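If you want the building blocks of each chain, they are given just below.
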Amino acid sequence: MARPRTHDEALRLKLLDRAGELIAADGPKALSLRKLAADAGTSTTAVYSLFGSKPDLVNALYTEGFRRFGARMAHTPLTGDTVEDLVALGSAYRASALADPHLYGIMFTRSVPGFEPNEAAEKLARETLKPLELIIRRAIADGVFLDVPPETIAVGCWAIVHGLVSLELTGNLPEEFDVTSSYERALRANASGWLSPQASGNDPS
């Protein structure tokens, strides 16, 4: 009978989620490999075997966050309507942040001072935004969006979703604020603001 695998994928994910929770709750100094192992019901040997050093563990957290985020972005149903598709991607961004708030800070706010993702992790992070970039570039090429540098629109879209999501995750929105509907309206208004006069129905000619 084969011996059970001690250091399997389930343990790896359990350790990553717990490590992210420790950092999110008490900061990076709370990430003790001994405590992490104890919380996960395993040994420090298992942690070292799976991740290596503490910086390697943080890099794995960053990578796992973007792996989950990228999957949500890539599997977001798109309609071909530029504004609605940008709203859909923005909603997927929020859903990912709410599903894994303990990873969000490591991914987008540099919550671990001095951490720099390795080349493979950086490449993965960039790839997750490809759906956003493709929609924007296509909209500019088709005359749907204003003829401005695509990165201007992309960064603007990212800024509004990141700002609203960060306020939500940190509990800085008013209690009576209807987050979901207001979030979607803000995303739609932002996307609509990039429409060319012809596409928006305001062609002066």
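Conventions adopted
Residues numbered from 1 in each chain as written. Predicted model: local features only at pLDDT ≥ 70, side-chain atom pairs only at ≥ 80, totals over all residues. Heavy atoms only, no water. UniProt positions renumbered as here; feature names shortened; annotations may be inferred. Helix = DSSP H or I, 4+ residues; strand = E, 2+ residues; numbered from the N terminus. Polar contact = N/O pair within 3.5 Å; in protein donor to acceptor, adjacent residues only side chain to side chain. Contact = heavy atoms within 4.5 Å. Domains from an automatic or database assignment. Buried area = accessible area lost by both parts, 1.4 Å probe. Salt bridge = Lys/Arg side-chain N within 4 Å of Asp/Glu carboxyl O. Phe/Tyr/Trp six-rings, centres within 6.5 Å; stacked < 30°, edge-to-face > 60°. Buried < 20%, exposed > 50% of the residue type's maximum accessible area, 1.4 Å probe, protein only. Axes fitted to C-alpha atoms, helices over the stretch in contact; angles between N-to-C directions. Parallel < 35°, antiparallel > 145°, perpendicular 65-115°, else oblique. Left-handed = near helix turned anticlockwise from the far one by under 90°. Nonpolar A, V, L, I, M, F, W, Y, C, P; charged D, E, K, R; others polar.

A.B. asks: Quick question: what am I supposed to make of the UniProt feature "domain: HTH tetR-type" (unreviewed entry) in the chain here?
C.D. replies: The UniProt record annotates "domain: HTH tetR-type" (unreviewed entry) at residues 9-69. What you have in residues 9-69 is 82% helix and 0% strand, and the ends, taken at the C-alpha atoms, are 18 Å apart.

A.B. asks: It is not clear to me how the side chain of Arg-12 should be interpreted in this structure. Could you clarify?
C.D. replies: Tracing the backbone through its elements, the reader meets Arg-12 in helix α1 (residues 9-26). Of note is the side chain of Arg-12, whose polar atom sits 3.4 Å from the side chain of Glu-64. If we ignore the near neighbours within four places in the chain, the residues touching Arg-12 are Leu-50, Phe-51 and Glu-64.

A.B. asks: When you look at the UniProt feature "DNA-binding region" (unreviewed entry) in the chain in this model, what are you seeing that I'm missing?
C.D. replies: UniProt annotation of "DNA-binding region" (unreviewed entry) refers to residues 32-51 when read in the numbering used here. The span residues 32-51 is 80% helical and 0% strand by assignment, and the distance between its end C-alpha atoms comes to 13 Å.

A.B. asks: Just checking my understanding: could you explain the side chain of Arg-94 for this structure?
C.D. replies: Turning to its location among the elements, Arg-94 is positioned in helix α5 (residues 82-99). A distance of 2.8 Å separates polar atoms of two side chains, one belonging to Arg-94 and the other to Glu-168. Residues within four places of Arg-94 in sequence aside, it is in contact with Val-165, Glu-168, Val-179, Thr-180 and Tyr-183.

A.B. asks: How do you make sense of the domain arrangement of the chain when you look at a structure like this?
C.D. replies: Interfaces are often sized by the amount of accessible area the parts lose when they come together. Partitioning the chain into domains gives domain 1 (8-52) and domain 2 (64-199). The gap between the C-alpha centroids of domain 1 and domain 2 is 29 Å. Each partner contributes residues to the interface: domain 1 has nine residues there, and domain 2 has seven residues. In this assembly, domain 1 packs against domain 2 so that about 630 Å² is buried in total across both faces, 66% of it on carbon and sulfur atoms. Linking domain 1 to domain 2 there are two salt bridges. The salt bridge partner of Glu-64 is Arg-12, with a shortest N-O separation of 3.4 Å. Remark: the boundary between domain 1 and domain 2 carries three residue pairs in polar contact (both at pLDDT 80 or more).

A.B. asks: Honestly, the packing of aromatic side chains in this entry has me stumped. Any pointers?
C.D. replies: Two aromatic rings, taken as a pair, are described by how far apart their centres are and by the angle between their planes. One pass over the structure, following the stated rule, counts ten aromatic pairs. On the numbers, 6.1 Å between centres and 80° between planes, the contact of Phe-66 with Phe-69 is edge-to-face. Residue Phe-66 and its partner Phe-69 are both found in helix α4 (residues 54-74); the two are separated by three residues, about one turn of the helix. In this structure Phe-66 comes out as buried when scored by relative accessible area, which is 4%. On the basis of relative accessibility, which here comes to 1%, the residue Phe-69 falls in the buried class.

A.B. asks: So what exactly am I meant to see when it comes to the packing of α5 against helix α10 (residues 179-192) here?
C.D. replies: Packed helix pairs are characterised by how far apart their axes lie and by the angle those axes make with each other. Between α5 and α10, the least distance of the axes is 9 Å, while the angle of their chain directions is 140°. Looking at the two axes, α5 sits oblique to α10. Two packed elements cross with a definite hand, and for α5 against α10 that hand is right-handed. Together, Val-83, Glu-84, Leu-86, Val-87, Gly-90, Ser-91, Tyr-93 and Arg-94 of α5 and Val-179, Thr-180, Tyr-183, Glu-184, Leu-187, Arg-188, Ala-191 and Ser-192 of α10 make up the contact between the two elements. Among the residues making up the contact of α5 with α10, the classes are represented as eight nonpolar, four polar and four charged.

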